[in-house]
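The chain contents come next:
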Amino acid sequence: MKRSLAAGLLALLALPAFAEEAVWAPSTFTLDNGMEVVVIPDHRAPVVTHMVWYKVGAADEAPGKSGIAHLFEHVMFKQTKNIGPEEFTSIVQRSGGQLNAFTSWDYTAYFERVAKPQLGKMMELEAERMVNLIINDDPGGPFISERDVVKEERRQRIDNNPGVILQEKVLSEFWKGHPYEITVIGRMEEVAALTPQDGLDFYKQYYSPGNAILVVAGDVTPDEVRTLAEQHYGAIAPTGTVTAGRKWQPVTPLAETQLMTHADPKVRQPGWTRYYTGYSQRRQPADALALEVGLEILGGGMTSRLYQSLVEQQQLAISANAFAWTTLHDEGPAVLSASPAPGVTLDALETALMAEVEKVLAEGFTEKEVVRARNKLAADAIYGRDSQSGMANAFGAWLAIGGTVEEILAYPDTVRAITPEQAIAAVRAVFGSEKHYIEAHLVPAEGYL
Amino acid sequence: MRTTQFLLASVALSALTGCSTISGWLGGAPQAPVAGTLVEASKPGLAVTVHDGEFAEIQQFVTPGGVSVWLVSEPSIPIVAVQMAWKAGSASDPAAAEGLSELVTYSMNEGAGGLDSLGFQTAMEDLNMSFSCAAGAEWTSCSISSLTDNAPAAMALAATAFAAPRFDEGPFERFLREESVGLKTRETNSGYLAWRATTQALYPDHPFARETTEESLASLTPDKARAHMRTLMTRDRLIVTAVGAVSPEQLAPLIDQVAAGLPDTSTIAPVAPADLTKAPVAKVIVDLPQPQSLVRFIGPGIDRNSPDFFPAFVLNYTVGGGGFESRLMKTLRVAKGLTYGISTSLDPNPSLLTWSGGGQTKNESAGEFITGVKDEMKAFAASGVTEPELADAKAYLIGSYPLGFDSNAKIAGQMMSVRQENLGVDYFDRRNKLIEAVTIEDVNRVAGTYLDPDRFSFIIVGQPEGIEMPALAGSPAP
């Protein structure tokens, strides 16, 4: 963060902080081939975050091919027509860059973080693998070893962890029949059967500039990005294969209540969780934000109703939370969860927790609580601006599911406009006593505690 | 590259003792000051030394109250982040009182003055601020973040926590309930089990091997915490870094307000270093029922002042620090598909110098994984690295360095590390030159000295196959 003019001077009067506020102006445009571009200027340091988001994810996988979106993301680092095996990473890191990628149900994103002069080279590399990927089909070759890597990744993320094993089962039931039913990394037996041809088919169908969003955050101007993007991505012709549209669909509200229990020898502390059908910020924007405000009050932190009642006053729990997954394209779960204090049964914990929820449903929130909660959500958005890569992620993820830059910029005002009536209405609509839910108990295996 | 034009004022000039020259400033139209809620220190003459470095313009000053502060003024986002640290942490807990410094830091935002826990937490939310403290083995630290508009009120609230902390019974008992659960859950936490096996095998009597127990927790009281806080947090050992939309003159009185309630000094015995070069090399398996084995390996490390340090730092990139560019990743992940990830790192903490690494693999391949690690170490010890490997390592380590300075939080953290390790305010500017100067002879000498696999202990947690070793007696009884 070198400042070429300000050598050795002191800021004696108030800094022009708010004069610079107005300059923070993320912008967006579209290339002729349909590739969307978002530019998020941040001139604090001479570095950039360069991301390409594809509007394809695990939700788009064909039956029996779970895990292909994620395994394919790994394969994108392997080899292209003009980049040798495993050279992609070497070139980026040799350029002083950091790189990675991630896959969700809704999107797949690739990124490089580099010093600003390297931005053009990063675009050249991403453009190359958008069109010239080579998938080696040697039955003992790199696709197969990468498949083994993903199996290890699944063991590390899910199968080692009793709480995650239970959550995978619950979410599969929660989204039964919906494209989110299978976890992003895929079922072990289906991943084990994926082939190089599956990867190639997936690539040809979904990887095209018209299905991609370019996000550049950092020490750039929109004009600089436009010039480079037109040079590197502008000449790529759309494949015309992305015609089916997304498989998104409204999530059917839970039609029955059920209990799912997972007992495991590694569990030393039981856990209690309930999953209700919630909202999505894409499908029900007003309700979803009202729910976020309501859940902040109900179970967001130490001052929340659940924490104060269960942890502080009754001392039945060591933690108690309420939160919702509202940032997927389709509806996600709204969750109540708690961890019992020593000697407290899950039944006793549940009775006390639901009594507090019912009290809220009956009495609503105070104006003061709502003001505090919505101010916190708005302030979080300001604190979030400190992270260049976090900003690139926030814009990319929202645009990839069909949102707009304007909606993100308006978020603090939108959230501050939520009324106590809206907040309680959203909480009542999700957690009302007539609503069905999946209750999950994580318990020690017989004889292990 | 944005250029921030600071306002020029005569008082500032008279106070300038900076190492940067004022002649470097070419002028530019001064901007009109924007009214804010922050007020300037009324006392003139705060002496600020400005280090206009390549990566950060660091303003160093000592507050009128005697606190040493490093500040980077960053006006583009209306937030202020302050980090405070004191050398002394959990390794200095009194005998049989493990958990005491953790209780102190846990309690710091749990009530002060007229505010109980809920009152204090609510006040923080009303200000959209955060304030919390944590105890490491050798450092106790606190951080305060606020929106610029609220900075004076946020710092005033934090000040009450240092001047009149309550250490109420309610939060104290909650701490004990949480710790009681923590004692149970750690029994099946693979990372904890690996750490514990390492400490017991290599430095069982060192303070870094201490951990909370039912007995040590039972010995804690709020009064002990109140007294120990005054030992941990004193004005003479306080160091502060800050980044945000604030000037030295604005920040100094706020820091003084925060530190006003602290005692001037206290007595803390320094931690003696643990010497891994004299520890026996261990092989330990800890049984844990799960599909993967966690493999950790650890050997003696290198002091920053040693001529071997920077060669080792560069070498570590090619060994296991460089992600996909490291040989361990290329072999164990890319070629063999044995793991999602493996990495290594050097810890230059003089109290416990280590070179360590680890990864996870399915139980069936644990033996193959360990053999693979050892084979790579042997190859490094015997033949070192190639010229292209060294060039790639330097190119990444130097080229990526600016990425660590692109947010206020990162800059505050980087400055705190430099202060804690006494690296000097010009360290950021010297660091890349130290890397550039490393030669292949240096690197290969260091590889030969340090990477012999027989210098490393291997700790395996899981139900590994293909390893000929008896399971550790006394492993956690499921």
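The model shown is predicted, which means the values in this text are computed figures rather than measured ones. (Residues numbered from 1 in each chain as written. Chains lettered and ligands numbered in written order. Predicted model: local features only at pLDDT ≥ 70, side-chain atom pairs only at ≥ 80, totals over all residues.)

**Considering the overall build of chain A**
Stated precisely, the cut-off is as follows: We count a stretch as a helix when DSSP gives it H or I for four or more residues in a row; a strand needs E for two or more, and each element gets its number in order from the N terminus. Each radius of gyration is computed over the set of C-alpha atoms, and the globule rule expresses the reference value as 2.2 Å times the number of residues to the power 0.38. Any pair of residues counts as being in contact when their C-beta atoms, constructed from backbone geometry, are within 7 Å of one another.
A count of helices and strands for chain A gives 16 helices and 11 strands. Radius of gyration (C-alpha) of chain A: 24 Å, near the 22 Å computed for a compact globule of 449 residues. When contacts within chain A are restricted to residue pairs at least 6 apart in sequence, those whose partners lie at least 24 apart make up 80%.

**What to know about the overall build of chain B**
A count of helices and strands for chain B gives 16 helices and 12 strands. Summarising the internal contacts of chain B: among those between residues at least 6 apart in sequence, 81% fall at separations of at least 24.

**Considering the domain arrangement of chain A**
When the parts of a complex come together, some accessible area is lost, and that lost area is often taken as the interface size. Residues and elements named next belong to chain A. Let me state the cut-off plainly: Residue ranges assigned to the domains are those given by an automatic or database domain assignment. Gly is put with the polar residues, along with every residue not named as nonpolar or charged; the nonpolar set is Ala, Val, Leu, Ile, Met, Phe, Trp, Tyr, Cys and Pro, and the charged set is Asp, Glu, Lys and Arg.
On domain assignment, one finds that chain A holds domain 1 (24-232) and domain 2 (258-444). Listed per partner, the contact involves 29 residues of domain 1 and 26 residues of domain 2. When residues of the side of domain 1 that touches domain 2 are traced back to their parent elements, those giving at least two are β2 (36-41), β3 (47-54), β5 (108-115), α6 (162-174) and β6 (212-218). Element by element, the count of residues in the side of domain 1 that touches domain 2 is highest for α6, at 8 residues. Among the residues forming the side of domain 1 that touches domain 2, the class breakdown is 17 nonpolar, 5 polar and 7 charged.

**Here's the deal with the sheet that holds β5 of chain A**
All names here are of chain A. Short version of the rule: In this analysis, strands are considered paired if DSSP registers two or more bridges between them. Axis definition: a line fit to C-alpha positions, over the contact stretch in the case of helices; interaxial angles, taken between N-to-C directions, run 0 to 180 degrees.
With mixed pairing, 6 strands are arranged side by side in an open sheet as β1-β2-β6-β3-β5-β4. At either margin of the open sheet sits one strand with a lone partner, and together these are β1 (27-30) and β4 (98-103). On average, each strand axis in the sheet is inclined to that of its neighbour by 15°, with strand direction left out of account. With 4 bridges connecting them, β1 and β2 associate as antiparallel partners. Directly across from Phe-29, in β2, lies its bridge partner Val-37.

**Some remarks on the environment of Ala-412 of chain B**
Residue and element names in this part refer to chain B. Here is the rule: Three exposure classes are used, all based on how many other C-beta atoms lie within 10 Å of a residue's own C-beta (placed from the backbone): buried at 20 or more, exposed at 12 or fewer, and partly exposed between those limits.
Among the secondary structure elements, Ala-412 is positioned in helix α14 (residues 408-420). A residue is classified by how many C-beta atoms lie within 10 Å of it, and Ala-412, with 24 of them, is buried. The sequence separation of Ala-412 and Tyr-396 amounts to 16 residues, and the corresponding C-alpha distance is 23 Å. Leaving out residues up to four positions away in the same chain, Ala-412 has contacts with Ala-81, Gln-83, Thr-241, Ala-242 and Val-243.

**Quick word on the packing of helix α11 (residues 305-313) of chain A against helix α12 (residues 346-363) of chain A**
Residue and element names in this part refer to chain A. For clarity, the threshold we go by: For a crossing to be left-handed, the near helix must be turned anticlockwise from the far one by less than a right angle; the clockwise case is right-handed.
The interhelical angle for the contact between α11 and α12, taken along N-to-C directions, is 145°, at an axis separation of 10 Å. Relative to α12, the crossing made by α11 is right-handed. Here Arg-305, Leu-306, Ser-309 and Leu-310 of α11 lie close against α12, whose contacting residues are Ala-352, Leu-353, Glu-356 and Val-360. Of the residues that constitute the contact of α11 with α12, the class distribution is 5 nonpolar, 1 polar and 2 charged.

**Re the domain arrangement of chain B**
All names here are of chain B. When the domains of chain B are assigned, the result is domain 1 (1-30 + 42-272) and domain 2 (276-462). Measuring from the centre of the C-alpha atoms in domain 1 to the corresponding centre in domain 2 gives 30 Å. Counting from both sides, the interface comprises 33 residues of domain 1 and, opposite them, 28 residues of domain 2. Per-element accounting of the side of domain 1 that touches domain 2 gives the leading share, 7 residues, to helix α6 (residues 190-202).

**Notes on the sheet that holds strand β7 (residues 258-264) of chain A**
Hydrogen bonds between backbone atoms are what pair the strands of a sheet, whose relative direction is either parallel or antiparallel. Residues and elements named next belong to chain A. The strand order across the open sheet built from 5 strands is β7-β11-β8-β10-β9, with neighbouring strands paired in mixed fashion. Of all the strands in the sheet, just β7 and β9 (317-324) have a single pairing partner and so form its edges. Between one strand axis and the next, the sheet turns by 15° as a mean value, whatever way the strands run.

**Re the nonpolar core**
Applied cut-off: The term nonpolar core refers to a set of buried Ala, Val, Leu, Ile, Met, Phe, Trp, Tyr and Cys residues connected through C-beta atoms within 7 Å.
By size, the foremost hydrophobic cluster in this structure holds 205 residues, and its most contacted members are Trp-53, Leu-214, Val-215 and Leu-291 of chain A together with Ala-242 of chain B. Contacts of Leu-291 of chain A, omitting those with residues within four sequence positions, involve Gly-278, Tyr-279, Ala-324, Thr-326, Ala-334, Ala-426, Val-427 and Val-430 of chain A. The next biggest cluster of nonpolar side chains, apart from the first, holds 57 residues, and it includes Leu-202, Ala-312, Val-319 and Leu-338 of chain B.

**Topic: unusual backbone geometry**
Located in the positive-phi region is Glu-86 of chain A, a residue other than glycine, with phi close to 65°. For Glu-86 of chain A, a count of 16 C-beta atoms within 10 Å corresponds to the partly exposed category. Here the phi dihedral of Phe-167 of chain B falls at roughly 50°; this positive angle occurs in a residue that is not glycine. One can find Phe-167 of chain B in the loop between α4 (151-163) and α5 (169-185).

**Focus: α4 of chain B**
Residue and element names in this part refer to chain B. To keep things clear, this is the line we draw: Each residue after the first adds 1.5 Å to the expected span of a helix.
Here α4 spans 18 Å end to end across 13 residues, near enough to the 18 Å set by a 1.5 Å rise per residue. Here α4 has its buried residues at Ala-151, Ala-154, Met-155, Leu-157, Ala-158, Ala-159, Thr-160, Ala-161 and Phe-162. Considering only its buried residues, α4 is in contact with β4 (79-87), α3 (117-126), β5 (130-135), β6 (139-147) and α9 (248-259).

**A word on the pairing of strand β9 (residues 292-300) of chain B**
All names here are of chain B. With respect to burial, β9 is a largely interior element, 8 of its 9 residues being buried. As judged from the 5 bridges shared by β9 and strand β12 (residues 457-462), these two strands associate in the antiparallel manner. Considered in β12, the bridge of Arg-296 is made with Ile-459.

**Thoughts on the packing of helix α13 (residues 387-399) of chain B against helix α15 (residues 427-436) of chain B**
Residues and elements named next belong to chain B. Test applied: Convention used here: angles under 35 degrees read as roughly parallel, angles over 145 as roughly antiparallel, angles from 65 to 115 as roughly perpendicular, and any remaining angle as oblique.
One way to put it is that α13 packs onto α15 with a least axis distance of 10 Å and a crossing angle of 175°. The angle between α13 and α15 falls in the class roughly antiparallel. The residues of α15 that touch α13, namely those facing Lys-394, Leu-397 and Ile-398, are Asn-432, Ile-435 and Glu-436. Residues of the contact of α13 with α15, tallied by class, amount to 3 nonpolar, 1 polar and 2 charged.

**Some thoughts on the environment of Leu-194 of chain A**
Residues and elements named next belong to chain A. With respect to the secondary-structure elements, Leu-194 resides in the loop between α7 (188-192) and α8 (196-206). Distance from Leu-194 to Arg-147, taken between C-alpha atoms, is 7.9 Å for residues 47 residues apart in sequence. Once you skip the residues sitting within four places of it in the chain, Leu-194 turns out to touch Lys-65, Gly-67, Ile-68, Leu-71 and Arg-147.

**Here's the deal with the confidence of the model for chain B**
One rule of thumb: low pLDDT means the predicted coordinates there are not for detailed reading. All names here are of chain B. Put simply, the rule is: Per-residue confidence from the predictor is reported as pLDDT, which spans 0 to 100.
This prediction gives chain B a mean pLDDT of 90; 89% of its residues lie at or above 70. A low-confidence stretch, residues 1-37 (pLDDT under 50), is modelled with 84 contacts involving residues beyond four sequence positions or located in other chains. Note that pLDDT drops below 50 for residues 472-478; the model gives that stretch 12 contacts with residues more than four away or on any other chain. Our summary of model confidence lists the complex with pTM equal to 0.91 and ipTM equal to 0.92.

**Concerning the environment of Pro-348 of chain B**
Relative to the assigned elements, Pro-348 of chain B resides in the loop between β10 (342-347) and β11 (354-362). The contacts of Pro-348 of chain B, once residues within four sequence positions are left out, are Gly-301, Asp-303, Arg-304, Phe-309 and Leu-353 of chain B.

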